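So you can see what is in the structure, the chains are spelled out below.
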Amino acid sequence: LAAMAVPAALAWWWWQRRERSGVSLDDILATETTTATSAAAVGHPGDDDDDAAGDGGLIIDDPLEAVKSAPWPAELPGLAQIIAYDDLKDEILDAQPPDAAESAAGLSAQDRQRLRHALMDRCQAHVAWLLRLEREQRSLDRMSRKGMISAADYAVFCAFAEKLDAEVTEVRDEAAWLCGDDDGAKGARAADEIWRIAVQIWQQRRQQQTRDARDKADREAEAAELKKKEAHDTR
């Protein structure tokens with residue numbers, strides 16, 4: 001997850017313009033295979049950690065910080081997105097001719113795009129939890145071995161980790177199905193890359209939220225200063 005090699009501008013543009021764009025997951029993956037982008041070019045996952053936590057008192061609704069302080073949930077946090085994707089898939093497949101194979105190859109471009117968007121929504125609901133799990137799993141395993149956390153608490157963590165691991169696998173399988181071709185090459189690439197793409201999009205959204213919050217705070221500070229100056233001039 002930490003190695004995010006998807007071009008930042010392309011990933012963020014796709015997420016923002018997805019409803020009006022014909023760009024597909026297939027296209028993003030194909031572009032990635034021909035574009036060499038280093039981690040330095042797209043930024044590092046921790047670059048905005050201080051900004052997200054606050055800049056001079058600036059308070060930002062940061063999803064990673066919210067996840068860090070939350071208890072491990074009993075159910076996947078993206079359950080609604082999982083159900084939405086499954087329902088959409090069933091709806092689309094049910095509308096196909098009775099003799100049609102249950103493969104994405106025969107679906108219309110619009111239906112495939114709707115499914116790709118729904119699948120990426122499903123990913124976005126779990127990225128922050130994946131990052132937290134990656135950071136804390138070894139520590140929690142070690143604490144459990146040393147008896148530093150209760151068996152009950154560790155069992156809750158393990159149950160969630162198992163569910164999240166299953167979700168990662170299911171999403172990869174769906175990406176392979178959606179982007180599959182005759183020889184399976186596109187599907188295999190999609191399965192390998194979808195979570196990297198999801199993390200990159202999530203990171204770009206987080207950075208954009210930080211910039212937007214800072215810009216808003218600057219505008220409010222300028223307005224307050226202008227109001228103070230006007231009040232002073234009228235005296």
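Read on for a plain summary of the structure. Keep in mind the model is a prediction, meaning the values are calculated, not measured.

1. Some details on the overall build of the protein chain
Stage number 1. Scanning the protein chain from terminus to terminus reveals 10 helices and zero strands.
Stage number 2. Across the 235 residues that make up the protein chain, the buried fraction comes to 38%.
Stage number 3. Long-range contacts, defined here as pairs at least 24 residues apart, represent 81% of the contacts in the protein chain between residues at least 6 apart.
Stage number 4. A total accessible area of about 13200 Å² is found for the protein chain, and carbon and sulfur atoms account for 50% of it.

2. Overview of the packing of aromatic side chains
Note on aromatic pairs: each is described by the distance of the centres and the angle between the planes.
Stage number 1. Scanning the model with the defined rule gives five aromatic pairs in all.
Stage number 2. Note on tryptophan 72 and phenylalanine 157: the rings are 5.1 Å apart at their centroids and 65 degrees apart in plane angle, and the pair reads as edge-to-face. With tryptophan 72 in the loop between helix H5 (63–68) and helix H6 (79–94) and phenylalanine 157 in helix H9 (residues 151–179), this pair connects stretches of sequence that are 85 residues apart.
Stage number 3. Residue tryptophan 72 is classed as buried on the basis of its relative accessible area of 14%.
Stage number 4. Centroid distance tryptophan 129 to phenylalanine 160: 5.4 Å. Interplanar angle 65 degrees. Geometry classified as edge-to-face. Placement of the pair is tryptophan 129 in helix H8 (residues 127–145) and phenylalanine 160 in helix H9, with a sequence separation of 31 residues.

3. Regarding the environment of aspartate 141
Stage number 1. Position of aspartate 141 relative to the elements: it lies in helix H8.
Stage number 2. Each C-alpha atom, one on aspartate 141 and one on tyrosine 154, is 8.2 Å from the other, the two residues being 13 residues apart in sequence.
Stage number 3. Dropping the residues within four chain positions of it, aspartate 141 is found in contact with Tyr154 and Phe157.
Stage number 4. Side chain to side chain, aspartate 141 and tyrosine 154 meet in a polar contact 2.6 Å long.

4. Focus on the environment of valine 67
Stage number 1. On the secondary structure map, valine 67 appears in helix H5.
Stage number 2. Each C-alpha atom, one on valine 67 and one on tryptophan 129, is 6.6 Å from the other, the two residues being 62 residues apart in sequence.
Stage number 3. Leave out the neighbours within four places in its chain, and valine 67 touches Ala128, Trp129 and Arg132.

5. What to know about a negative patch on the surface
Stage number 1. Side chains of Asp87, Asp90, Asp94 and Glu102 sit close together on the surface and give a patch of like negative charge.
Stage number 2. Residue placement: aspartate 90 occurs in helix H6.

6. Section: the packing of H6 against H9
Stage number 1. For the pair H6 and H9, interaxial distance at closest approach is 13 Å and the crossing angle is 30 degrees. One finds that H6 runs roughly parallel with respect to H9. H9 is crossed by H6, and the crossing has left-handed handedness. Counted together, Ile82, Tyr85, Lys89 and Leu93 of H6 and Glu167, Glu174, Trp177 and Leu178 of H9 form the full contact between these two elements.

7. Examining the packing of H9 against helix H10 (residues 185–233)
Stage number 1. Interhelical geometry of H9 versus H10 gives an angle of 140 degrees and a closest axis separation of 7 Å. Taken together, the axes of H9 and H10 lie oblique to each other. You can see that H9 and H10 cross each other, and the crossing is right-handed. Contacts between H9 and H10 involve Glu167, Val168, Val171, Arg172, Ala175, Ala176 and Cys179 from the first element and Lys186, Gly187, Ala190, Ala191, Ile194 and Trp195 from the second.

8. As for the nonpolar core
Stage number 1. If you look at the biggest cluster of nonpolar residues, it comprises 41 residues, and the most contacted ones within it are Leu115, Trp177, Leu178, Ile194 and Trp195.
Stage number 2. Contributing elements (two or more residues each) for this core: H5, H6, helix H7 (109–124), H8, H9 and H10.
Stage number 3. If you tally residues by element for this core, the top one is H9, at 10 residues.
Stage number 4. Look past the residues within four positions of leucine 115 in its chain and what remains in contact with it is Tyr85, Leu88, Lys89, Ile92, Leu107, Trp177 and Leu178.

9. Concerning H9
Stage number 1. Taking 1.5 Å of rise per residue, the 29 residues of H9 would be expected to cover 42 Å, and the 42 Å separating its terminal C-alpha atoms lies within 8% of that figure.
Stage number 2. Residues of H9 that are buried include every one of Phe157, Phe160, Ala161, Leu164, Glu167, Val168, Val171, Glu174, Ala175, Trp177, Leu178 and Cys179, and no others.

10. What to know about the pattern of salt bridges
Stage number 1. All chains considered together, the criterion is met by 10 salt bridges.
Stage number 2. For aspartate 86, the salt bridge identified is with arginine 122, shortest N-O distance 3.8 Å. Of this pair, aspartate 86 sits in helix H6 while arginine 122 sits in helix H7, and the two are 36 residues apart along the sequence.
Stage number 3. We classify arginine 122 as buried; its relative accessible area is 2%.
Stage number 4. Between glutamate 91 and arginine 114 there is a salt bridge whose closest N-O contact spans 3.7 Å. Highlighted residues: glutamate 91 in helix H6 and arginine 114 in helix H7, separated in sequence by 23 residues.
Stage number 5. What makes glutamate 91 partly exposed here is its relative accessible area of 47%.
Stage number 6. Bridged by salt links that share partners, the residues Asp86, Arg122, Glu167 and Glu170 form one connected network.

Rules used throughout
- Residues numbered from 1 in each chain as written.
- Predicted model: local features only at pLDDT ≥ 70, side-chain atom pairs only at ≥ 80, totals over all residues.
- Heavy atoms only, no water.
- Helix = DSSP H or I, 4+ residues; strand = E, 2+ residues; numbered from the N terminus.
- Buried < 20%, exposed > 50% of the residue type's maximum accessible area, 1.4 Å probe, protein only.
- Contact = heavy atoms within 4.5 Å.
- Areas by Shrake-Rupley, 256 points an atom, 1.4 Å probe, with all protein chains shown as cover.
- Phe/Tyr/Trp six-rings, centres within 6.5 Å; stacked < 30°, edge-to-face > 60°.
- Polar contact = N/O pair within 3.5 Å; in protein donor to acceptor, adjacent residues only side chain to side chain.
- Patch = residues over 30% accessible without salt bridge, like charges linked within 9 Å, V, L, I, M, F, W, Y side chains within 5 Å.
- Salt bridge = Lys/Arg side-chain N within 4 Å of Asp/Glu carboxyl O.
- Lys, Arg positive; Asp, Glu negative; His and termini not counted.
- Charge placed at Lys NZ, Arg CZ, Asp CG, Glu CD.
- Axes fitted to C-alpha atoms, helices over the stretch in contact; angles between N-to-C directions.
- Parallel < 35°, antiparallel > 145°, perpendicular 65-115°, else oblique.
- Left-handed = near helix turned anticlockwise from the far one by under 90°.
- Core = buried A, V, L, I, M, F, W, Y, C linked by side-chain atoms within 4.5 Å.
- Expected span 1.5 Å × (residues − 1).

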